[in-house]
Amino acid sequence: MKITYNWLKEYINFEESPQQLADKLTDAGFEVEELYPLIQPFSRVVVGKVEQVDKHPDADKLTVCMVSDGTETYQVICGAPNVTSGQIVPFAKVGAELPAGFKIKKAKIRGVVSYGMICSKEELGIEAKSEGIWSFSESYEPGKDVYQILNSNADYVFDFFITPNRADCLSLIGIAREVAAITGNPFKYKDIDFGEDSGNSVDNFIKIHIQDTEGCPRYAARVIRDITITDSPEWMQARLSAIGIRPINNIVDITNYVLMELGQPLHAFDLAEIGGNEINVRTSEKNEKFTTLDDKERVLPENTVMICDGNRSVAIGGIMGGQNSEVSGSTTDILLESAYFNPEYINRSSKKLGLNSEASQRFERGTDPNGVLRALDRAASLMVDLAGATVVKGVADDYPQPFFPGQIEFESWRINRLLGTDFSSEFISETLQRLGLTVENSIATIPTFRVDLKIEVDLAEELGRLVNYANLPTKEVTEITYEAPPSTTEKRLNLVRDAMLGLNLREAFSSSMLKSSEAKLFQQKDLVSILNPISDDMTTMRPSLLAGLLRAISFNINRSTSDIQLFEIGRVFKSFNNSLPDQPHYLAMVLSGNRQPEAWNSTSQPIDFYDIKGYLESFCSKIALDNFQFILYDKSGYYSKDETVSLLVNNKEIGLCGRLKPEVCQYFDIEQPVYAFEIDLDAISELTNFERQYQAVSRFPFSMRDLAFVLDESIPAGDILEAIRKNAGNLLQDLNVFDVFRGESLPAGKKSVAIRMRFQSLDRTLSDKEVDTIFRKIIKLIEKQFDATLRT
Amino acid sequence: MLDKIQRIKEKFESEIKQVQDLPQLEAVRIKFLGRKGSISNTFAMLSEVPKEIKPQFGQGLNQLKKFAEGRYEALKKQFDKPKVDTPVLDLSLSGRKPSIGGKHPLLAVADEIKSIFSSLGFAIEDGPEIETDFYNFEALNIPKSHPARDMQDTLYITEDIVLRTHTSPVQIRVMEQQAPPIRMIAPGRVYRRDTPDASHSPFFHQVEGLMVDEGVSFADLKGIIAAFAHRMFGKDIDVRFRPSFFPFTEPSAEYDFSCVFCRGKGCNVCKGTGWMEISGSGMVHPNVFKSVGIDNEKYTGYAFGMGIDRIAMLKYGINDIRLFFENDLRFLNQF
């Protein structure tokens, strides 16, 4: 919300410079987001008089003007349609520098030379957007410097961030009250003084009846007649422009001015359009439609407060007026509304309608029900002054259940306990009274404009911010008296992450929102999608971490890095089971490209299945996951069937490992093979405690035995190892395949698998005989079980 | 008979001339000087040699053997010597580099924050990213019609299920489960309906902090934030608290750190103010205590938040939040 320094000074006296004031208000909770001089400096722009306007000989939309600066006359080309002879205008001479850094030069436009420019308000930085040149309504003396004139009373604009609890400070008067509390200087309202037309009573024109007093607890109006609609005076236009409101005409400008000054929204109806001399306030019916003054027909949400005349609806209460009763150029009499609406009603309706106005913003935060009449009278008095209006005697005001100031009982010791202070009760009372509260016997009476003050802690904050948070004590953290219990989730996730980092992998971190087509590559049903997505690229919660990792691979390949090893830990979103979607933690890893970059002493080799499986095996061993087992993956999914295994623990599938389907990779524009694994970490947490006991290491020598079997190609080597492991007894310490051979020396369809075994005992040196016995048993078993022959 | 010695000698000479390396030399040695080599074999024939030429034959054979052994030794010496043309190690060539892994910079900063708070006695908690309206709003004193809901543009899954807009719901979950004293932080991902640009991402990362005990005051809050600032950015960092508004705290405060780049002097990054806005904090609102059944006459507490992304950007001088989530290896490999 914007206000200006000089405007504020009309309500309260203070010594602070603009910057000092900004600092003090920021410290009190009114963050000044911007502070800037109202008039941005410009030079060599003088008051000019347009003496003659001729058509440009060679361009329809341009004119050739003669502009005088009092001593000389200049030829100037102008493009604005509103330029006429006799106007007093801001004239930028050759060499002038305008606020946006724009420099005026002598220029030839379609064959005619132009010595300068007639400026618009926009070009002088007075308005964000304006049409046509600025024709001064005051008769300034030609030749005078325009910047000097405009800046004669240098003003500054403050742009505040007002927190939603402080509806009262969405107004000049609210800020003035805060300045009063901070500085201790009194603030005062503007005097309101106008004569009413005693001949006629408002009751003859309008009767107000509130049917829904919950939605609209108060509705007041005045009848104002014989208005002349015209531009409002320069000073009012300048003020409104300064705070970002576009001047329209005197009536609209006055309602806006009072809104910004007092924070009370007003609405003007064309009295001629109000039928039956009555206003009824009710709530909307189901599927009721209404056309607002922006010409849009809207379907009203239920329980929307509607303002109606004797026959029809004329406005959506507190949100927007209707087209049917709008003030127009021919309006002479108006009904001026000033009301108080229930914040919850306005909030709900404005959200559902998608209509957010200066009025609705204030009503939904809570205006002052007892400030309604002041705003009405202030606007009426301005209309008398600026629109030649006559104000009909009296106010029509329906206010069945008046709001009274609330009371908060407080205990000084509790406030001190919360703030860590030891203020006296007297100090607390005095400080709170600076805000316009009255305090007696530890009871604070709260004016109705302070809708945010409800309980004791609210008073503690008021006290704290007036004292200034910087002046409140700070308790240094010296010793830890409280021990944090270990969090198991955190600990487990850290172990998993450390294991992956220990494998020299790079950690990725990616978006959890996907395109729906991306998500569907990984899961077809039960996807968790967003009702109100930001864009089509972010509609669905990731069912797999691989989407993000594939994006990362693609991103890097496009930037000429194609050897990629990444892992990521994060939540994935599976489906609705209970009240919330399933959102387990997962670990995923991808490998693509070459195992290592090509170098002078090594050739690069493409990654294959055994790389990813090796990573997974090392990971499992690192996190002390025992009893895991791989089985062939036989489902259709996003992994290639013939190059993928499932990871089972206690016969429960907790992960997959293998090659991703080429068509999945191609979706991400990846042509090279991608190998991946992913693991459900929440499931794994139930299966391992990530902790391991020390296993004794033997101090006796070991015996090694190699053997090779010739067997059918179709028999997995893993089955043989499994069989050996099961039958060899506990002297077998280690077992691995060290060679797999196929070739001419073997019959077709056969392969040779060479296995190395290491035997060792914890308590003795093994004899050859002992080992040979086991060895022979294994040979017999394998030959029989797998129809294999020992290769010699 | 004597010409046999001559023939062996010629053959030996022609073969030894061809020898290029040790194995070839060895082969020649075996062929001529070995136990079954032709010279040894010829010695075996000595008994069959007629008496008259026996001495001459023997002498000749001995000379041949000596000759052959001499040539063999000489050549062996030559081959045994280190080769003159062995290439010297070029130490300027690059070594075999193992691949470098490492933490994502954002998560490395999260680790740093976690370890600071752990050392200050805070437990680390976790909560779901998709939350009920109750945990994300209602229990935090933000009823449906509250204007504060507009402060956080929310992404919805259903009318009552949202992508959490802050890590504050973890406060509620922990207070429901545990009795005071409570000291915890909850780092994690949060979501807002923001269009991505250099300073906004629709998902970002926060750390929630909460302490509840008897006699916890605003002075403790000021103390803990200062302790964090000093451990994270250095002893010379100042902390500033400004009044603000959050429905779940009262009094509420925004807190700023003095600019970590200019150390408070004023620079481009802090727009000359010397301060950087960090996040919000305050004293737990009595309504929040009521919603989790903690006695607010007995206990008081403070809560604070902080943006991990923002702190990481400050720490590394990163000016575009989107860099964190692209996973560009040229970016990641710098950390």
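To be clear, the structure that these remarks concern was listed above.
Note that the structure is predicted; figures quoted are calculated from it, not measured.

Asks: Before we go on, may I ask you to explain the overall build of chain A in this structure?
Replies: Scanning chain A from N- to C-terminus turns up 20 helices and 39 strands. Its C-alpha atoms give chain A a radius of gyration of 41 Å, clearly above 28 Å, the size a compact globule of 792 residues would have. Dimensions of chain A, computed from the C-alpha atoms along their principal axes, are close to 130 × 85 × 60 Å. For chain A, contacts bridging at least 24 residues in sequence account for 69% of all contacts bridging at least 6.

Asks: Mind showing me how you'd approach the overall build of chain B here?
Replies: Looking only at helices and strands, chain B features twelve helices and ten strands. Against the globule reference of 20 Å for 335 residues, chain B gives a C-alpha radius of gyration of 43 Å, more extended than a compact globule. Its C-alpha atoms give chain B principal-axis dimensions of about 135 × 45 × 40 Å. A total of 335 residues make up chain B; the buried ones form 55% of that total. Pairs at least 24 residues apart make up 66% of the contacts formed inside chain B by residues separated by at least 6 positions. For chain B, the computed accessible surface area is about 15500 Å², with 51% contributed by carbon and sulfur atoms. Taken as two groups, the 44 positive and 44 negative side-chain charges of chain B have centres that lie 16 Å from each other.

Asks: How should I be thinking about the interface of chain B and chain A in this particular structure?
Replies: Frequently, the measure chosen for interface size is the accessible area removed from exposure when the parts meet. The partner chain A presents 81 residues to the 94 residues of chain B that form the contact. Summed over both partners, the interface of chain B with chain A buries about 7400 Å², with 58% contributed by carbon and sulfur atoms. Our count for the chain B to chain A interface comes out at six salt bridges. Residues K475 of chain A and D220 of chain B are paired through a salt bridge, measuring 3.2 Å at the closest nitrogen-oxygen approach.

Asks: I tried to follow the sheet that holds strand β36 (residues 703-712) of chain A on my own but got confused; where do I start?
Replies: In a beta sheet, neighbouring strands are held together by backbone hydrogen bonds and run either parallel or antiparallel to one another. Residue and element names in this part refer to chain A. Spatial strand order, β37-β38-β36-β39: four strands in an open sheet with antiparallel pairing. Edge positions in the sheet fall to β37 (732-741) and β39 (789-790), since each has one partner strand and no second. In this sheet, strand β38 (residues 750-759) lies alongside β36 in antiparallel orientation, the contact comprising ten bridges. For D712, the partnering residue across the bridge sits in β38 and is K750. Its contacts with the sheet put helix α19 (residues 717-727) on β36, β37 and β38, and the angle it makes with β37 is roughly 155°.

Asks: Help me understand the pairing of strand β7 (residues 239-246) of chain B in this model?
Replies: All names here are of chain B. When you tally the buried positions in β7, you get six out of eight residues, the bulk of the element. When β7 meets strand β8 (residues 249-258), the two strands line up antiparallel, connected through seven bridges. The residue bridging F241 from the neighbouring strand is Y255, located in β8. Here β7 hands over to β8 after two residues, the two strands then running antiparallel side by side.

Asks: Would you explain the packing of helix α5 (residues 105-119) of chain B against helix α10 (residues 308-316) of chain B in this entry?
Replies: Packed helices, taken two at a time, are described by the angle their axes make and the gap between the axes. Residues and elements named next belong to chain B. As a packed pair, α5 and α10 sit with axes 9 Å apart at the nearest point and diverge in direction by 100°. Taken together, the axes of α5 and α10 are roughly perpendicular relative to one another. Note on element contacts: α10 touches α5 through I308, D309, I311, A312, K315 and Y316, opposite P105, L106, A108, V109, A110, E112 and I113. Grouping the constituent residues of the contact of α5 with α10 by class yields ten nonpolar, no polar and three charged.

Asks: Which parts of the structure should I look at to understand helix α10 (residues 412-419) of chain A?
Replies: An α-helix turns once every 3.6 residues. As a result, residues three or four positions apart point the same way. Where α10 of chain A is concerned, the buried positions are S412, I415, N416, L418 and L419 of chain A. Considered in projection along α10 of chain A, the buried side chains sweep an arc of 160° and stay on one side of the axis. Of the surrounding secondary structure, the elements contacted by the buried residues of α10 of chain A are α11 (425-433) and α12 (456-467) of chain A together with α8 (218-233), β8, β9 (275-284) and β10 (300-307) of chain B. Following α10 of chain A by one or two positions, G420 of chain A adopts a phi angle in the positive range, close to 75°.

Asks: So what exactly am I meant to see when it comes to the pattern of salt bridges here?
Replies: Opposite charge on two side chains permits them to pair, given that their charged atoms come into close proximity. Under the criterion given, the structure shown has 62 salt bridges over all chains. The shortest N-O distance in the salt bridge between E297 of chain B and R414 of chain A comes to 3.2 Å. Taken as a pair, E297 of chain B in the loop between α9 (286-292) and β10 and R414 of chain A in helix α10 lie in two separate chains rather than in one. A relative accessible area of 44% places E297 of chain B in the partly exposed class. Across the salt bridge formed by D3 of chain B and R7 of chain B, the nearest N and O atoms sit 3.5 Å from each other. Taken together, the residues span about one helical turn, with D3 of chain B and R7 of chain B both in helix α1 (residues 2-18) at a distance of four residues. For D3 of chain B, a relative accessible area of 46% corresponds to the partly exposed category. Here the salt bridges share partners, and the residues they tie into one network are R166, D168, E178, R450, D452, E462 and R465 of chain A.

Asks: Looking at this structure, I do not really get the sheet that holds strand β6 (residues 88-97) of chain A. What am I missing?
Replies: The strand order β5-β4-β3-β6-β9 (chain A) describes an open sheet built from five strands, whose pairing is antiparallel. Strands at the two margins of the open sheet, each flanked by one partner only, are β5 (73-78) and β9 (117-118) of chain A.

Asks: I tried to follow the packing of aromatic side chains on my own but got confused; where do I start?
Replies: To describe a pair of aromatic rings, you give the distance between the ring centres and the angle between the ring planes. Counting across every chain of the model gives 41 aromatic pairs over all chains. Aromatic side chains F423 of chain A and F427 of chain A sit 4.9 Å apart centroid to centroid with 35° between the ring planes, which places their arrangement in the tilted category. Here Y667 of chain A and F668 of chain A contribute two aromatic rings whose centre-to-centre distance is 5.2 Å and whose plane-to-plane angle is 70°, an arrangement assigned as edge-to-face. Classification of Y667 of chain A as partly exposed rests on a relative accessible area of 32%. Members of the aromatic cluster, each reached through a chain of ring pairs, are Y469 of chain A together with F117, F122, F218, F228, F233, F241, Y255, F257, Y302 and F304 of chain B. The ring of F449 of chain A is capped by R177 of chain A, whose NZ or CZ atom sits 3.5 Å from the centre of that ring. Looking at K9 of chain B, its charged tip hangs above the ring of F67 of chain B, at a distance of 4.8 Å from the centre.

Asks: I tried to follow the environment of I294 of chain B on my own but got confused; where do I start?
Replies: Residues and elements named next belong to chain B. Residue placement: I294 occurs in the loop between α9 and β10. Taking C-alpha positions, I294 is 9.5 Å from V212, a pair spaced 82 residues apart along the chain. When residues no more than four places from it in sequence are discounted, the contact partners of I294 are M175, P180, I182, F289 and Y299.

Asks: Honestly, empty space enclosed by the protein in this entry has me stumped. Any pointers?
Replies: Regions of empty space are outlined by a rolling probe, equal in size to a water molecule, passed over the atoms. By the definition in use, this model includes five cavities of 30 Å³ or more. Size it by volume and the largest cavity reaches roughly 520 Å³. Taken together, 26 residues form the lining of the largest cavity, with L493, F509 and I569 of chain A together with L107 and K114 of chain B sitting closest to its centre. For the lining of the largest cavity, the elements supplying multiple residues, two or more each, are α13 (488-502) and β30 (564-571) of chain A together with α5 and β5 (182-191) of chain B. For the lining of the largest cavity, a count of residues per class yields eight nonpolar, six polar and twelve charged. Space inside the second largest cavity adds up to approximately 80 Å³. Lining the second largest cavity are 14 residues, with N165, R166, E461 and R465 of chain A together with S244 of chain B sitting closest to its centre. Contributing elements (two or more residues each) for the lining of the second largest cavity: α12 of chain A together with β7 of chain B. The class makeup of the residues in the lining of the second largest cavity is four nonpolar, four polar and six charged.

The rules behind the values
- Residues numbered from 1 in each chain as written.
- Chains lettered and ligands numbered in written order.
- Predicted model: local features only at pLDDT ≥ 70, side-chain atom pairs only at ≥ 80, totals over all residues.
- Heavy atoms only, no water.
- Helix = DSSP H or I, 4+ residues; strand = E, 2+ residues; numbered from the N terminus.
- Rg over C-alpha atoms; globule rule 2.2 N^0.38 Å.
- Contact = heavy atoms within 4.5 Å.
- Buried < 20%, exposed > 50% of the residue type's maximum accessible area, 1.4 Å probe, protein only.
- Areas by Shrake-Rupley, 256 points an atom, 1.4 Å probe, with all protein chains shown as cover.
- Lys, Arg positive; Asp, Glu negative; His and termini not counted.
- Charge placed at Lys NZ, Arg CZ, Asp CG, Glu CD.
- Buried area = accessible area lost by both parts, 1.4 Å probe.
- Salt bridge = Lys/Arg side-chain N within 4 Å of Asp/Glu carboxyl O.
- Pairing = 2+ DSSP bridges.
- Axes fitted to C-alpha atoms, helices over the stretch in contact; angles between N-to-C directions.
- Parallel < 35°, antiparallel > 145°, perpendicular 65-115°, else oblique.
- Nonpolar A, V, L, I, M, F, W, Y, C, P; charged D, E, K, R; others polar.
- Arc of directions from axis to C-beta.
- Phe/Tyr/Trp six-rings, centres within 6.5 Å; stacked < 30°, edge-to-face > 60°.
- Lys NZ or Arg CZ within 6 Å of the ring centre and 35° of its normal.
- 1 Å grid on protein atoms, 1.4 Å probe; cavity = no way out; pocket = protein on both sides within 12 Å on 5 of 7 lines; lining within 4 Å.
- Points joined across faces, edges and corners; volume = space filled by probe spheres on them.

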